[in-house]
Amino acid sequence: MCGIIGITGTSVVTDRLVDGLKRLEYRGYDSSGVAILDDRVIKRERAEGKIKMLEARLGAHPIDGQTGIAHTRWATHGVPNETNAHPHLSGRVCVVHNGIIENFLDIRQELSHHEFVSETDTEVIAHLVDEALSAGLPPIDAFSQSLKKLKGAYALGLIIDGEDNRIFCARAGSPLAIGVGENEMYLGSDALALAQLTSNLIYLEEGDWAVLTPESYEIFDVNDKAVTRPVTIISGGPAMAEKGNYRHFMLKEIYEQPETITRTLENYIDEFKHAPNLPHELDFTDIDRIILVACGTASYAGMVAKYWFEQIAGIPVDVDIASEFRYRQPVLSQKALFIAISQSGETADTLAALRYCKNNGVKTAALVNVMTSTMAREADIALPINAGPEIGVASTKAFTSQLTALAAITLGAAVSKGVLSAARQEALIKSLIKMPRQVKDALELDGAIEAMAFDFSKAKNAFYLGRGSQVPIAFEGALKLKEISYIHAEGYAAGELKHGPIALIEDGTPVVVLAPFDALFEKTISNLQEVVSRGASIILITDVAGAQHIGDMVKNIIIMPTAHDFTAPIITTIAVQLLAYHSAVHLGTDVDQPRNLAKSVTVE
Ligand code: F6R
């Protein structure tokens, strides 16, 4: 959510800043801007819209220098326009910021003799530091003292007119990394931003602030004490976020799933012993309750896992939406295990839930894709999903890897509780090992699903129905469709529809029914009949046995590879991803960067 990049060095920076912004565009893309120190003079260009608008602006009004900061915005305070775009300038000070300054109105009042030009919370930071400079404080003190006045969340970078090449930066609540180069230092919201520039990153810790020059960096903690932080070597290099021959990152990421699921399995399953292989700290022996907390797609992974943990390991599970968790004052037990599920590992509400549990003495784990993220660093146990960088704003491969990891963790929990017979363990492990092949086969249905998406994409509203562990996949299918095609869609437990929402079914309303041939198949088909008799137009996602059973009752059938009940939700996910993707492509939306969204939601 909002992307920041900065470079201070000995050669010009504008092109590289813009390149970094493009890599960060998935974090927000409603406006962007660059500010440069050119011979100690600040020059700035900003533009509303995508980064290409900024590039056009820079083409017409070139600016360059050896130090600069840049920003791509996801609006919180103030509409997305040029005036509200970062960097914000006051007097000698120019700032980029990710997060929310909660006391910005108080600061604006305190500085009422200043002229504020934007509607943003960020602008107060520039005014605060400029006020302190005008009062005669040296830049370092002006910066550090201003930080003390800020309440809320921030990752920020700042340059000062009239100064040598230097970037001031700070983090509290929002992630920020320093990149170490040769005669050059960098600042970035994440490793992707800096992938082209360096592999040596230093992740600032809560409350840290720093001063970067081309040759050096100095880091201070929240009490202004000089500190050292470890340098992390990032692997992956510049290619880590390329689209290859795919039209969209989302499609590439959908197609990566046989491989990403394999990588996840390798981490949690011993394929030779046919046994789960969990990190030793993840010990379920004394755990009597699991709390799964996440947002959006990741929360649906948690909902599927509830079925698994309860049915297979016999451990009761609470699944909470992160934005509600800490405010409802949940009853916590010392024998509970909290697991945050998050692709980015930075989602503000999920992180706050993790901290809430940690502060209340609950053992915490974080199931994340980004192992250098704040959640991975703060949780007692960091659990990787190894899906690789996910750039498409709509989550796909991270979701199936979250599910895969949670499936394997369930088996590990069941083994440590002594409730998994050898025969059942063998059957369930085998079903996991078969998954990459089944996902590959499911991807062969791409063409057929694309054809179905043509009519489907003409709908204004759609429903997704499922039972059992397919219910969260119905939610996920509906969310995927909404966010990238802008078609209104709702997922429902198939048995729940008649308690109200069925009133919305009319002639031609599309209803996607997820019904592999399992113990609940007949019941789901009864619910399908209820909507058919009210005019619904069905897309049935089932398997070979389900298709045989249904005969020619339904015209549009997607026949998925036959999977074990345990892994079936992961397999049906492929179909709902492709259906949403092709609907969006038919409609011509911006699939990888849908309107109003951002990949990493670092504000509440
Ligand atoms: C939907 C989507 C979001 C994320 C949610 C949590 O496609 O991507 O719903 O799942 O914002 O993000 P993470 O997993 O990074 O915590």
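Residues numbered from 1 in each chain as written. Predicted model: local features only at pLDDT ≥ 70, side-chain atom pairs only at ≥ 80, totals over all residues. Heavy atoms only, no water.

## Let's talk about the overall build of the protein chain
As a reminder of what qualifies: Segments assigned H or I by DSSP are reported as helices when at least four residues long, segments assigned E as strands when at least two residues long, and all are numbered from the N terminus. Atoms counted for the radius of gyration: C-alpha only. Globule rule: 2.2 Å times the number of residues to the power 0.38. Relative accessible area decides the class of each residue, using a 1.4 Å probe on protein chains only: under 20% of the type maximum gives buried, over 50% gives exposed, and in between gives partly exposed. Contacts: residue pairs with any heavy atoms within 4.5 Å of one another. All accessible-area figures derive from a Shrake-Rupley calculation using a 1.4 Å probe, and residue coverage is judged against the displayed protein chains alone. A positive count includes Lys and Arg, and a negative count includes Asp and Glu. His and the chain ends are not counted in either. Where a charge sits is defined by one atom per residue type, namely NZ (Lys), CZ (Arg), CG (Asp) or CD (Glu).
A tally of helices and strands in the protein chain yields 19 helices and 27 strands. For the protein chain, whose C-alpha radius of gyration is 25 Å, the value lies close to the compact-globule estimate of 25 Å for 604 residues. By its C-alpha atoms, the protein chain is 80 × 50 × 45 Å across when sized along the principal axes. Considering the protein chain as a whole, with its 604 residues, one finds that 60% of them fall into the buried category. Restricting the contact set of the protein chain to residue pairs at least 6 apart, pairs at least 24 apart contribute 71%. Summing over all exposed atoms, the protein chain offers an accessible surface of approximately 22,800 Å²; the carbon and sulfur share of this is 50%. Charge-centre separation for the protein chain: the mean point of 53 positive side chains lies 3 Å from the mean point of 75 negative side chains.

## A closer look at the site of the ligand
Applicable threshold: Being near a molecule or strand, for a residue, comes down to having at least one heavy atom within 4 Å of it. Any pair of N or O atoms that falls within 3.5 Å is considered a polar contact. Within protein, one atom must be able to donate a hydrogen and the other to accept it, and sequence-neighbouring residues count only if both atoms are side-chain atoms. When residue character is reported, Ala, Val, Leu, Ile, Met, Phe, Trp, Tyr, Cys and Pro are called nonpolar, Asp, Glu, Lys and Arg charged, and the others, Gly included, polar.
Close to the ligand lie 14 residues, the nearest being Ser342, Gln343, Ser344, Thr347 and Glu483. Within the contact set of the ligand, an oxygen atom lies 2.7 Å away from a side-chain nitrogen or oxygen of Ser344. Ser395 is positioned with one of its backbone polar atoms (N or O) 2.9 Å from an oxygen atom of the ligand. Across the complex, the protein chains shield 89% of the 410 Å² of accessible surface that the ligand would expose by itself. Of all the elements in the fold, those that place two or more residues in the shell around the ligand are helix H9 (296-313) and helix H16 (471-485). Of the residues contributing to the shell around the ligand, the split by class is five nonpolar, seven polar and two charged.

## Some thoughts on the domain arrangement of the protein chain
Note the following rule: An automatic or database domain assignment provides the domain bounds reported here.
Entries for the protein chain in the domain assignment read domain 1 (3-244), domain 2 (254-433) and domain 3 (444-587). Look at where the C-alpha atoms of domain 1 and domain 3 centre, and you get two points 45 Å apart.

## Considering the sheet that holds strand E20 (residues 336-342)
For the record, the criterion: Here a strand pair is declared whenever DSSP counts at least two bridges between the two strands. Under this scheme, a helix contributes an axis fitted over its contacting stretch, all axes are lines through C-alpha atoms, and angles between N-to-C directions fall in the 0 to 180 degree range.
Read across the sheet, five strands follow the order E19-E18-E20-E21-E22 without closing on themselves; strand pairing throughout is parallel. What marks the edges here is a single partner per strand, and that holds for strand E19 (317-321) and strand E22 (381-384). Ignoring which end each strand starts from, the neighbouring axes of this sheet average 20° apart. As defined by bridge partners, strand E18 (residues 289-294) adjoins E19 across five bridges and the pair is classed as parallel. Across the sheet, Ala294 pairs through a bridge with Ile321, a residue of E19. Across the sheet, H9 lies against E18, E19 and E20, angled at about 160° from E18, the strand it touches most. Against the sheet, helix H13 (residues 397-416) makes contact with E20, strand E21 (363-368) and E22, and its axis sits at roughly 140° relative to E21, the strand it touches most.

## What to know about the sheet that holds strand E26 (residues 537-543)
The strand order across the open sheet built from five strands is E24-E23-E25-E26-E27, with neighbouring strands paired in parallel fashion. For this open sheet the edge positions go to strand E24 (488-493) and strand E27 (556-560), each flanked by a neighbour on one side alone. Within the sheet, the average angular offset between the axes of one strand and its neighbour, ignoring direction, is 15°. Pairing of strand E23 (residues 461-466) with strand E25 (residues 510-514) involves four bridges; the strand directions are parallel. Paired with Leu465 across the two strands is Val513, which belongs to E25. Against the sheet, helix H15 (residues 446-456) makes contact with E23, E25, E26 and E27, and its axis sits at roughly 145° relative to E27, the strand it touches most. Sitting on the sheet, helix H19 (residues 568-587) touches E23, E25, E26 and E27, and the angle it makes with E27 is about 135°.

## What about H19?
The condition is simple: A helix is expected to span 1.5 Å for every residue after the first.
For H19, which comprises 20 residues, the first-to-last C-alpha distance of 29 Å matches the rise-based estimate of 28 Å (1.5 Å per residue) to within 8%. H19 sits mainly inside the fold: 18 of its 20 residues count as buried. Phi turns positive one or two residues past the end of H19, at Gly588, with a value near 75°.

## With respect to the pattern of salt bridges
For clarity, the threshold we go by: By definition here, a salt bridge exists when the distance from a side-chain nitrogen of Lys or Arg to a carboxyl oxygen of Asp or Glu is within 4 Å.
A complete count under the given rule lists 30 salt bridges for this structure. Among the salt bridges present, the one from Lys306 reaches Glu310, with a minimum N-O distance of 3.2 Å. Here Lys306 pairs with Glu310, and both are found in helix H9, just four residues apart, close to one helical turn. With a shortest N-O distance of 2.8 Å, Glu476 and Lys480 are connected by a salt bridge. In this pair, Glu476 and Lys480 both sit in helix H16, four residues apart, roughly one turn of the helix. Pair check on accessibility: Glu476 and Lys480 agree, each one buried. By sharing partners, the salt bridges in this structure join Arg171, Glu206, Arg355 and Glu378 into a single network.

## Quick notes on unusual backbone geometry
In this model, His86 is joined to Pro87 through a cis peptide bond whose omega is 0°. Relative to the helices and strands, Pro87 resides in the loop between strand E4 (67-73) and strand E5 (88-90). Not every positive phi belongs to a glycine, and Arg40 is a case in point at roughly 70°. One non-glycine residue with positive phi stands out, namely Asn386, at about 60°. Summarising the element assignment, Asn386 is placed in the loop between E22 and H13.

## Overview of empty space enclosed by the protein
The condition that has to hold: Points on a 1 Å grid over protein atoms alone make up a cavity when a 1.4 Å probe fits among them but cannot get out, and a pocket when they form an open set with protein on both sides within 12 Å along at least five of seven lines; lining residues each have an atom within 4 Å of a point. Grid points are joined across faces, edges and corners, and a volume is the space filled by probe spheres set on the points.
A full pass over the atoms with the stated rule returns two cavities of 30 Å³ or more. When its volume is computed, the largest cavity comes out at roughly 60 Å³. Taken together, Cys2, Arg73, Trp74, Thr76, His77, His86, His97, Gly99, Asp121 and Thr122 make up the lining of the largest cavity. The residue makeup of the lining of the largest cavity, split by class, is two nonpolar, six polar and two charged. Of the voids in this model, the second largest cavity is the one considered here, and its volume is about 30 Å³. Looking at the second largest cavity, the residues that line it are Ile5, Arg16, Asp19, Gly20, Arg23, Ala193, Gln196 and Leu197.

## Quick notes on the packing of H9 against H16
Filter applied, for reference: Just so you know how the angles are binned, under 35 degrees is roughly parallel, over 145 roughly antiparallel, 65 to 115 roughly perpendicular, and the rest oblique. For any helix crossing, the convention is left-handed if the near helix is rotated counterclockwise from the far helix by under a right angle, and right-handed if that rotation is clockwise.
Closest axis-to-axis distance for the H9/H16 pair is 8 Å, and the angle between their directions is 170°. Accordingly, the angle class assigned to the pair H9 and H16 is roughly antiparallel. The handedness of the crossing between H9 and H16 is left-handed. Across from Gly296, Thr297, Tyr300, Met303, Val304 and Tyr307 in H9, the residues of H16 making contact are Val471, Pro472, Ile473, Phe475, Glu476, Leu479 and Lys480. Of the residues assigned to the contact of H9 with H16, the class counts are nine nonpolar, two polar and two charged.

## Comments concerning the nonpolar core
Under the convention used in this document: To qualify as a nonpolar core, a set must consist of buried Ala, Val, Leu, Ile, Met, Phe, Trp, Tyr and Cys residues joined through side-chain atoms within 4.5 Å.
By size, the foremost hydrophobic cluster in this structure holds 87 residues, and its most contacted members are Phe284, Trp308, Phe309, Leu367 and Tyr464. Here this core spans two domains, and each of domain 2 (254-433) and domain 3 (444-587) adds at least three residues to it. Among all residues touching Trp308, those that are not within four sequence positions of it are Ala313, Leu403, Leu406, Ala407, Thr410, Phe566, Pro569 and Ile570. The next biggest cluster of nonpolar side chains, apart from the first, holds 28 residues, and it includes Val95, Phe116, Ala132 and Trp209.

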